[in-house]
Amino acid sequence: MATVPVHTLNDGTTSPAIGLGTYPMDDAEAEQAVRSAVEAGYRLVDTATNYGNETGTGRGVRSAGVAREEIVVTTKLPGRHHGYQETLDSFEESRRRLGLDYVDLYLIHWPLPRVDRYVESWKAMIKLREEGLVRSIGVSNFTAEHIDRLERETGVLPSVDQIEMHPLLGQEELRGRLAAKGVLAESWSPLGRGSDLLSDPAVAKVAEAHGRTPGQVILRWHVQLGVVPIPKSGNPERQRENLDVFEFTLDQAELAAISDRAERRLGGDPDRHEEF
Ligand SMILES: NC(=O)c1ccc[n+]([C@@H]2O[C@H](COP(=O)([O-])OP(=O)(O)OC[C@H]3O[C@@H](n4cnc5c(N)ncnc54)[C@H](OP(=O)(O)O)[C@@H]3O)[C@@H](O)[C@H]2O)c1
């Protein structure tokens, strides 16, 4: 079974260097996918209230046959529950659906700047961590400015920012600002879901040179840039393939060849995207 390196977060907990995404699986798919992923060696799983599969994800974690404390379970607060009490209540619902005593990593899914309640939610997340119901707290789709505001108004930095990142959107500036603050970046859509990245000739060339697949060299690119990719696969064979990215190294020219392309977002712009 693969051995996955870990990162130490700014709160002293640890996170595996790669995880499993579960969107857009339903409960039954998520349960099976989480179980096969844990069997393959994954120890980080990513769900969200808005994926509608916390129940299946929790079942997968509880039946995977490894100790609960070995798995980092992540879920996320939806936009419709921003606010202090709303966040506490929403978390309790997530915890009940997951069927777990605690959640390892709880993230604010989107900042929703127009709604302007993410600081209130952040204060509730701090309380959840103090109570031991959540091990680590973080955000998703936050810009450096949103994070600066959390720090200014509460004195508490997130441990993680889960952001859209893939070779079509390298996020160099944001990564630099997160690293300077000790906030670990996770990358969503790391394989560029919905784009033609996996059949890109430049990626194929690097893959061939290493006797690897395009998916593996893209995931290796993330790992070498110090971010934690969370590729989604419901297929046990591709899950194993995606995990097997710790025994080869890309050189600087290969890293550059993979990222050398026009920037393109596949998802929403954090300053404007509204998702409730
Ligand atoms: N925070 C946010 O706002 C946010 C937004 C989007 C996503 N996410 C999270 O990030 C996770 C990953 O992102 P994503 O699902 O959008 O995109 P992704 O991981 O980049 O791509 C997933 C797609 O690639 C396929 N795939 C997986 N491994 C492959 C391989 N080795 N070779 C070829 N195809 C492969 C999967 O199909 P198979 O299942 O058939 O293998 C699936 O269709 C999500 O599942 C979710 O947990 C978070």
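First, a word on what this report is: a plain description of the structure on this page.

Rules behind the numbers
- Residue numbers restart at each chain and count upward from 1, following the sequence in its written direction.
- Predicted model: local features are reported for residues with pLDDT of at least 70 only, side-chain atom pairs are reported and counted for 80 or more only, and whole-chain, interface and lining totals are derived from all residues.
- Only DSSP runs of H or I reaching four residues or more are called helices, and only runs of E reaching two or more are called strands; each is numbered from the N terminus.
- Atoms counted for the radius of gyration: C-alpha only. Globule rule: 2.2 Å times residue count to the power 0.38.
- To sort residues by burial, count the other C-beta atoms lying within 10 Å of each one's C-beta; a count of 20 or more means buried, 12 or fewer means exposed, and anything in between means partly exposed. C-beta atoms are built from the backbone.
- Contact between two residues is assigned when their C-beta atoms, built from the backbone, lie within 7 Å.
- Strands were regarded as paired on the criterion that DSSP finds at least two bridges between them.
- Definition of nonpolar core: a set of buried Ala, Val, Leu, Ile, Met, Phe, Trp, Tyr and Cys residues joined via C-beta atoms within 7 Å.
- An arc is given here, and it is the one of the directions from the helix axis to the C-beta atoms.
- Working rule for contacts: place C-beta from the backbone, and if it is within 6 Å of a molecule or strand, that residue counts as near it.
- Ten residues, namely Ala, Val, Leu, Ile, Met, Phe, Trp, Tyr, Cys and Pro, are considered nonpolar, four, namely Asp, Glu, Lys and Arg, are considered charged, and the remaining ones, Gly among them, are considered polar.
- The handedness of a crossover follows from its direction of travel: if, with the strands pointing away from the viewer, the path from the first strand over the helix to the second runs clockwise, the crossover is right-handed.
- To get an axis, a line is fitted to the C-alpha atoms, and for a helix only the part in contact is used. The angle between two axes follows their N-to-C directions and goes from 0 to 180 degrees.
- By the definition adopted for this analysis, an angle is roughly parallel if under 35 degrees, roughly antiparallel if over 145, roughly perpendicular if from 65 to 115, and oblique otherwise.
- Crossing handedness follows the turn of the near helix against the far one: under a right angle anticlockwise gives a left-handed crossing, and clockwise gives a right-handed one.

**Structural notes on the overall build of the protein chain**
- When helices and strands are counted, the protein chain shows ten helices and ten strands.
- The C-alpha atoms of the protein chain give a radius of gyration of 18 Å, which matches the 19 Å a tight globule of 276 residues would have.
- Considered along the principal axes of its C-alpha atoms, the protein chain spans approximately 55 × 40 × 30 Å.
- Within the protein chain, the fraction of its 276 residues that count as buried is 49%.
- Taking as baseline every contact in the protein chain between residues at least 6 positions apart, the subset at least 24 positions apart corresponds to 74%.

**Looking at the sheet that holds strand 5 (residues 72-77)**
- Within the open sheet, the eight strands sit side by side as 3-4-5-6-7-8-9-10. Their pairing is parallel. Each having just a single partner strand, strand 3 (20-21) and strand 10 (228-229) make up the two edges of the open sheet.
- Pairing of strand 3 with strand 4 (residues 44-46) involves two bridges; the strand directions are parallel. Counterpart to Leu20 in the pairing with strand 4 is Val45.

**Observations regarding the nonpolar core**
- Residues Leu20, Val34, Val45, Val73, Tyr106 and Ile218 are the most contacted members of the largest nonpolar core, which totals 66 residues.
- Beyond its immediate sequence surroundings of up to four residues, Ile218 is in contact with Pro167, Pro190, Leu191, Leu197, Val203 and Ile258.

**Section: helix 9 (residues 236-243)**
- Regarding helix 9, the residues found buried are Gln239, Asn242 and Leu243. The buried side chains of helix 9 occupy one side of the element, clustering within an arc of 100 degrees when seen end-on.
- Turning to helix 9, the residues buried within the fold contact strand 3, helix 1 (27-40) and helix 8 (214-224).

**Focus on the site of the ligand**
- As a matter of local geometry, the ligand sits amid 27 residues, with Gly21, Leu191, Arg193, Gly215 and Lys232 nearest to it.
- Looking at the shell around the ligand, the element that brings in the most residues is helix 9, giving three residues.
- For the shell around the ligand, the residue count by class is seven nonpolar, 15 polar and five charged.

**Concerning the pairing of strand 8 (residues 160-164)**
- In terms of residue burial, strand 8 counts as a mostly covered element, since five of its five residues are buried.
- Taken together, the two bridges between strand 7 (residues 134-140) and strand 8 define a ladder with parallel strand orientation. Bridge pairing links Ser140 to Gln162 in strand 8.
- Handedness of the strand 7-helix 5 (residues 144-154)-strand 8 crossover: right-handed.
- The sheet contact formed by strand 8 and strand 9 (residues 184-188) spans five bridges and is parallel. If you follow Ile163 over to strand 9, its bridge partner there is Ser187.
- As for the winding sense of the linkage, the β-α-β connection from strand 8 through helix 6 (residues 172-181) to strand 9 is right-handed.

**Examining helix 10 (residues 252-259)**
- The complete set of buried residues in helix 10 reads Glu254, Ala257 and Ile258. Buried residues of helix 10, seen end-on, are gathered within an arc of 100 degrees and therefore sit on one face of the element. Of the exposed residues in helix 10, the ones pointing more than 90 degrees away from its buried face are Gln252, Ala253 and Ala256.

**Comments concerning the packing of helix 3 (residues 84-98) against helix 4 (residues 118-130)**
- Look at helix 3 against helix 4: their axes get within 7 Å of each other, and the N-to-C directions meet at 50 degrees. As far as their axial angle goes, helix 4 and helix 3 are oblique. You can see that helix 3 and helix 4 cross each other, and the crossing is right-handed. Every residue of helix 4 that contacts helix 3 at Tyr84, Thr87, Leu88 and Phe91 is listed here: Glu120, Ser121, Lys123, Ala124, Met125 and Leu128.

**Side note on the environment of Leu198**
- The residue Leu198 is located in the loop between strand 9 and helix 7 (201-210) in this model.
- In this structure, the C-alpha to C-alpha distance between Leu198 and Ile163, residues 35 residues apart in sequence, is 20 Å.
- With near-sequence residues (within four places) excluded, Leu198 lies in contact with Leu191, Pro214 and Gly215.

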